[in-house]
Amino acid sequence: MKRRDFIQQVGAIGAGGVFFPASIPGRFRDMKMGVVVHSYGIRWQSKYQSDKFPPFTDAVMLMEHCNSIGAGGVQVLVRDWSMDFAKKLRTKREQLGLFLEGSIAVPAGENDLGRFEKEIIAAKEAGAVVLRTVTSSGRRYEVYHSEAEVEIFKRKAMDSLRLAESVLKKHKIQLAVENHKDWRADELVNAMKQLQSEWIGVTLDFGNSISLLEDPMDVVEKLAPYVVSTHVKDMGVDEYEDGFLLSEVPLGKGMLDLDKMFALCRKYNPAVTFCLEMITRDPLQIPCLKESYWQSFNGLDGKELASVLRMVRQKKSNTLPRVSSLSSEEKLIQEEKNILECFEYSKKKNLLNTI
């Protein structure tokens, strides 16, 4: 098939050089918001015993529940899926009329390409059209202790993505790299420009990069031209002695300009799906006033720190959610309540049809 014909059948190429699969069933403007599996971090494959909130043991159970609460699809881990399970998931997805996005690890090296391709084949068999990934082992300020270590991380990430590209192209499926408290926005943009791949784009997380002293709207403006998938969330902040606290909160209860963020994503990728990542947990501590925090950054100065701390003081929440002291049943109740509140707000504000 010629490139031009493929573009016409699959979609258009956006400003970031990434295909938008607009003609694939389920990716339309009126699609409902999906759910990222991490929104159910407490209930997913949980060891908690609960009659009302039984554990989700696999993607089929997750999909059935998300459909029952009005979701349009799910983004879920693709790991050790047999072809029989992938077909079962496809049948359920088609029966419910939901979209499916996978979450997959990039190949660690050439000897890992077999695993990577096997998971891609299973995900595609199940009906996934986008695969989200992360390229680091954890939060930048926790796992890297020098700029040299960060440069090694970025180099390995680029090697992995270049290895992945040939498999993605072979199977005609897109991979989306998340800003996962590792890449700052400019770094991830540079990575996309170096790759120049129609098969690799960005999973745009609305709130993660605040932890790297970035303005959340600036991040969306920089990464939206490459957006393939999303992690929708609202964020609450507060001060603490070593920096600031950062927490996911139900949509509409935080400080993010969700209308504008949705609109920017739509502008650059009219076919993008929106998936909720409402993680129910204690606030994260961002220790930006400790010397150790700065070891993995080169080129940052007091302006970024001052700007973020000013934002925290202006927009801080009186109370951020805390669940560590709750019983297992109470945690499950709170998790479900948070997700339902997000869907109610999205419906009330008509977020998915923001222009």
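Before reading further, recall that the structure is shown in the block above.
The residue numbering used here restarts from 1 in each chain and proceeds along that chain's sequence as written. The predicted nature of this model means local features are confined to residues of pLDDT at least 70 and side-chain atom pairs, given and counted, to a pLDDT of 80 or more, with totals for whole chains, interfaces and linings taken over all residues. Side-chain figures throughout are based on the complete set of non-hydrogen atoms in the structure, without hydrogens or water.

**Q** So what's going on with the overall build of the protein? Residues and values would help.
**A** A run of H or I in DSSP counts as a helix once it spans at least four residues, and a run of E counts as a strand once it spans at least two, with each numbered from the N terminus. Within the protein, the regular secondary structure consists of 11 helices and 13 strands. Both definitions apply: the radius of gyration is a C-alpha atom measure, and the globule rule equals 2.2 Å times residues to the power 0.38. Taking 355 residues into account, the globule formula puts the C-alpha radius of gyration at 20 Å, and the protein, at 20 Å, falls close to it. Over its C-alpha atoms, taken along the principal directions, the protein stretches across nearly 55 × 50 × 40 Å. A fraction of 78% describes how many contacts in the protein between residues 6 or more apart in sequence connect residues 24 or more apart. Contacts are residue-level and defined by heavy atoms, with any inter-residue pair within 4.5 Å sufficient.

**Q** Residues and numbers for the sheet that holds strand 7 (residues 174–178), please.
**A** In this analysis, strands are considered paired if DSSP registers two or more bridges between them. The sheet built from eight strands is open, its strands ordered 9-8-7-6-5-4-3-12 with parallel pairing. What marks the edges here is a single partner per strand, and that holds for strand 9 (227–231) and strand 12 (275–276). With four bridges joining them, strand 7 and strand 8 (residues 200–205) adopt parallel strand pairing. Its bridge partner being in strand 8, Glu 178 is matched across the sheet by Thr 203. Lines are fitted to the C-alpha atoms to define the axes, a helix being fitted only along its stretch in contact, and any angle between axes, read from their N-to-C directions, falls within 0 to 180 degrees. Its contacts with the sheet place helix 2 (residues 59–68) against strand 3 (34–36), strand 4 (73–77) and strand 5 (99–103), and it is angled at close to 155° to strand 4.

**Q** Lay out the nonpolar core in plain terms, naming residues and giving numbers.
**A** Joining through side-chain atoms within 4.5 Å is the link that ties buried Ala, Val, Leu, Ile, Met, Phe, Trp, Tyr and Cys residues into a set, and such a set is a nonpolar core. Between buried and exposed lies partly exposed: a residue is buried under 20% and exposed over 50% of the maximum accessible area for its type, with that area taken using a 1.4 Å probe on protein chains only. In this structure, Leu 204, Phe 206 and Phe 244 are the most contacted members of the largest nonpolar core, which totals 99 residues. Sort the elements by how many residues they give to this core and helix 6 (residues 147–171) lands first, with eight residues. Beyond its immediate stretch of four places on either side in the chain, Phe 244 contacts Ile 210, Ser 211, Leu 213, Asp 238, Glu 239, Leu 284, Gln 285, Ile 286, Cys 288, Val 308, Leu 309 and Val 312.

**Q** Can you lay out the packing of aromatic side chains for me, pointing to particular residues and giving the numbers?
**A** Centres within 6.5 Å make a pair out of two Phe, Tyr or Trp rings, where for Trp the six-membered ring is used; the pair is then stacked when the planes are under 30 degrees apart, edge-to-face when over 60, and tilted otherwise. As enumerated under the stated definition, the model contains nine aromatic pairs in all. Between the aromatic rings of Tyr 144 and Phe 153, the centroid separation amounts to 5.3 Å while the plane-to-plane angle is 20°, which identifies the pairing as stacked. One exposure class covers both Tyr 144 and Phe 153, and it is buried. Here Phe 262 and Phe 274 contribute two aromatic rings whose centre-to-centre distance is 4.3 Å and whose plane-to-plane angle is 25°, an arrangement assigned as stacked. Of this pair, Phe 262 sits in helix 9 (residues 258–268) while Phe 274 sits in the loop between helix 9 and strand 12, placing them 12 residues apart in sequence. Look at Phe 274 and you get buried, because its relative accessible area is 1%.

**Q** Can you lay out the side chain of Asp 205 for me, pointing to particular residues and giving the numbers?
**A** Note that Asp 205 resides in strand 8. A 3.5 Å cut-off defines polar contacts: any pair of N or O atoms within that distance qualifies, except that in protein one atom must be a possible hydrogen donor and the other a possible acceptor, and neighbouring residues in sequence count only when both atoms are side-chain atoms. At a separation of 2.9 Å, a polar atom in the side chain of Asp 205 contacts the main-chain amide nitrogen of Gly 207. Those residues within four positions of Asp 205 in sequence are excluded, and the remaining contacts are Glu 178, Asn 179, His 231, Lys 233 and Glu 277.

**Q** Tell me about helix 6, and name the residues and values.
**A** Taking 1.5 Å of rise per residue, the 25 residues of helix 6 would be expected to cover 36 Å, and the 36 Å separating its terminal C-alpha atoms lies within 8% of that figure. What the bend at a residue measures is the angle between two axes, fitted to the seven residues ending there and to the seven starting there. Along its length, helix 6 reaches its greatest deviation from straightness, about 25°, at Ala 164. Those residues of helix 6 that fall on the buried side of the exposure criterion are Glu 147, Val 150, Phe 153, Lys 154, Ala 157, Met 158, Ser 160, Leu 161, Ala 164, Val 167, Leu 168 and His 171. Those residues of helix 6 that are buried lie in contact with helix 4 (113–126), helix 5 (140–143), strand 7, helix 7 (185–195) and strand 8. Where helix 6 ends, the next residue or the one after it, Lys 172, has phi of about 50°, a positive value. Working rule for helices: expected span equals 1.5 Å times residues minus one.

**Q** Summarise the pairing of strand 11 (residues 243–249); cite the residues concerned and give the values.
**A** The side chains of a regular strand alternate, residue by residue, between the two faces of the sheet. With seven of seven residues buried, strand 11 is to be regarded as a mostly interior element. Of the pairings in the sheet, the one linking strand 10 (residues 234–240) to strand 11 comprises seven bridges and is antiparallel in character. Of the residues in strand 11, the one forming a bridge with Glu 239 is Phe 244. The antiparallel pairing of strand 10 with strand 11 creates a hairpin that spans two residues between the two strands.

In short, the description is geometric, and any link to function would need to be established separately.
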